[in-house]
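Structural overview
So you can see what is in the structure, the chains are spelled out below.
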Amino acid sequence: RGREGTRRERTPAEQHGADLRQVFEQQDRLVAERAGVERRTLLNGLRDDLHTFLGTLPAVHIVGVSGEAAEDTSVERIPRLAFGVTGVPSETVLRRLLANGIVATQTCASQLLDDMGVADMGGAVTISMSPFNTQNDIEQLVRTVASLA
């Protein structure tokens, strides 16, 4: 008979090494999963804080689902927020944010956004959270937007 179907048994040291590798791989997966959950929790918290703080500025309109329509949603949202400042062109908002070290993008016009009144308020900009953002970044962003509102 050839070698087919026959396997050499592992030595105790080889088996111990294989067991350790399996334990370490499982620990790595758990750490990565926990880090992912913590990162999502952090980013969602920053987005929620940004939404809350910008929402206190009377001239700021946050684009998206809000009010009663948002109460029953259980959809996990990405850590991103689009907003406009009534009477201030989005190009001006974007330039002010960039001048203060805050990276943002100008939200592209669309029929949906026009229907939501974005064009009437001067357009919108979009902010995305990253794992490198902090609460201080949110406060700096809100101060910068407040200087326009």
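Residues numbered from 1 in each chain as written. Predicted model: local features only at pLDDT ≥ 70, side-chain atom pairs only at ≥ 80, totals over all residues. Heavy atoms only, no water.

Here we take up the overall build of the protein. What the protein contains, in helices and strands, is 6 helices and 4 strands. Taken over 149 residues, the protein has a buried fraction of 27%. Of the contacts made within the protein by residues no fewer than 6 positions apart, 72% connect residues no fewer than 24 positions apart. Only carbon and sulfur atoms are counted for the fraction: they give 52% of the accessible area of the protein, which is about 10,500 Å². (Helix = DSSP H or I, 4+ residues; strand = E, 2+ residues; numbered from the N terminus. Buried < 20%, exposed > 50% of the residue type's maximum accessible area, 1.4 Å probe, protein only. Contact = heavy atoms within 4.5 Å. Areas by Shrake-Rupley, 256 points an atom, 1.4 Å probe, with all protein chains shown as cover.)

Turning our attention to the nonpolar core. The tendency in soluble globular proteins is for nonpolar side chains to be buried side by side. Counting 25 residues, the largest nonpolar core has Leu50, Leu54, Phe83, Leu97, Ile127 and Val145 as its most contacted members. Looking at this core, the elements with two or more residues in it are α1 (12-55), β1 (60-63), β2 (80-85), α3 (90-99), β4 (125-128) and α6 (135-146). Filtering out sequence-adjacent residues up to four positions away, Leu50 remains in contact with Gly55, Leu81, Ile127, Met129, Ile138, Leu141 and Val142. (Core = buried A, V, L, I, M, F, W, Y, C linked by side-chain atoms within 4.5 Å.)

Next up on the list: the pairing of β2. Among the 6 residues in β2, 5 count as buried, and that is most of the element. The sheet contact formed by β1 and β2 spans 4 bridges and is antiparallel. Looking at the pairing, Ile62 lines up with Phe83 of β2. Direction of pairing for β2 relative to β4: antiparallel, over a ladder of 4 bridges. Looking across to β4, one finds that Phe83 is bridged to Val125. (Pairing = 2+ DSSP bridges.)

Among the secondary structure elements, Ser90 is positioned in helix α3. Its relative accessible area of 4% is what places Ser90 among the buried residues. Each residue touching Ser90, except ones within four places of it in the same chain, is listed here: Gln106, Gly122, Gly123, Ala124 and Val125.

This next bit is on α6. For an α-helix, 3.6 residues make a turn, and residues three or four places apart therefore share a direction. End to end, α6 covers 16 Å across 12 residues, agreeing with the expected 16 Å (1.5 Å per residue, within 8%). All of the buried residues along α6 are Ile138, Leu141, Val142, Thr144 and Val145. For α6, the angular spread of the buried residues around the axis is 160°, confining them to a single face. Facing away from the buried side of α6, by more than 90 degrees, are the exposed residues Asn136 and Arg143. (Expected span 1.5 Å × (residues − 1). Arc of directions from axis to C-beta.)

Let us look at the sheet that holds β1. Here 4 strands make up an open sheet; going across it, the order is β1-β2-β4-β3 and the pairing antiparallel. At either margin of the open sheet sits one strand with a lone partner, and together these are β1 and β3 (105-106). Here β3 pairs with β4 via 2 bridges, running antiparallel. Looking at the pairing, Gln106 lines up with Val125 of β4.

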